Amino acid sequence: MSAINLIKQFEGLKLTSYPDTGGIYTIGFGNTKNKDTGQAIKKGDKIDLATAERWLKIDVDQRIKFIKPLIKVSVTANMMAAMTSLSYNIGLQAFKDSKLLEKLNAGVDKKIVANEFLKWNKVGKTPVKGLTNRRIIERELFLK
């Protein structure tokens, strides 16, 4: 499964802005910023499907470009897709600072690294079922 398909599966598509579970206005496939202007998404914003698809591709390409140099070991396409999906959801800095990346680069057993996905299932300190489900799928993909 590609990172784009995985992200689409979990983010869903909304062409009108809405507040996400953290209260941040979001649009398209989970975008919090307008990729054309750089401005934050706000209440009442609307886009079309072509724009949502284009913004998602921009985001995924940016994440892959950011993540690849951070990885010091060989990874599969599935591992990369899972990590890209995770970074799409938690942010690039959080991914860069994650124990997942640290353990991966240290050569820790892949199953132990994969368990790190499961720790990113909260908004604040509260576990969220949708995030838990997403992390389980990302973990499984990472292990394929």
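Refer to the preceding data block for the structure.
Bear in mind the structure is a predicted one, so any value in this text is a computation, not a measurement. Throughout, residues of each chain are indexed from 1 in the direction in which the sequence is written. Predicted model: local features are reported for residues with pLDDT of at least 70 only, side-chain atom pairs are reported and counted for 80 or more only, and whole-chain, interface and lining totals are derived from all residues. Working from all heavy atoms in the structure, the side-chain values ignore hydrogens and water.

**Let's talk about the overall build of the protein chain**
Helix and strand definitions here come from DSSP, where helices need a minimum of 4 consecutive H or I residues and strands a minimum of 2 consecutive E residues; each element is numbered from the N-terminal end. Counting secondary structure elements, the protein chain contains seven helices and four strands. Across the protein chain, helices and strands are ordered from the amino to the carboxyl terminus as α-β-β-α-α-α-α-α-β-β-α. By principal-axis analysis of the C-alpha atoms, the protein chain measures approximately 45 × 30 × 25 Å. Summary of the burial criterion: residues with accessible area below 20% of their type's maximum are buried, those above 50% are exposed, and those between are partly exposed, where the area comes from a 1.4 Å probe applied to protein chains only. Taking all 144 residues of the protein chain together, 36% fall into the buried category. Only heavy atoms enter the contact rule, under which two residues are in contact if any of them lie within 4.5 Å. A fraction of 55% describes how many contacts in the protein chain between residues 6 or more apart in sequence connect residues 24 or more apart. Accessible surface for the protein chain amounts to roughly 8,000 Å². Of this, 56% is attributable to carbon and sulfur atoms. Note that His is not counted, nor are the chain ends; the positive residues are Lys and Arg, and the negative ones are Asp and Glu. Charge coordinates come from a single atom per side chain, which is NZ of Lys, CZ of Arg, CG of Asp or CD of Glu. Taking the average location of the 26 positive side-chain charges in the protein chain and that of its 14 negative ones, the two points are 3 Å from each other. Residue burial considers only the protein chains on display, and all accessible areas are found by Shrake-Rupley using a 1.4 Å probe.

**Considering the pattern of salt bridges**
Any two side chains of opposite charge can pair, so long as their charged atoms come close to each other. When a carboxyl oxygen of Asp or Glu lies within 4 Å of a side-chain nitrogen of Lys or Arg, that pair is called a salt bridge. Here the structure, examined in full by the defined rule, presents 12 salt bridges. For aspartate 45, the salt bridge identified is with lysine 42, shortest N-O distance 3.2 Å. Given a relative accessible area of 18%, aspartate 45 falls into the buried group. Across the salt bridge formed by glutamate 138 and arginine 135, the nearest N and O atoms sit 2.6 Å from each other. With glutamate 138 and arginine 135 both in helix α7 (residues 129-143) and three residues apart, the pair spans about one turn of that helix. Take glutamate 138 and arginine 135: they sit in the same class, and that class is buried. Several salt bridges share partner residues, and in doing so they unite Glu11, Arg134, Arg135 and Glu138 into one network.

In short, shape yes, function no, at least from these values alone.
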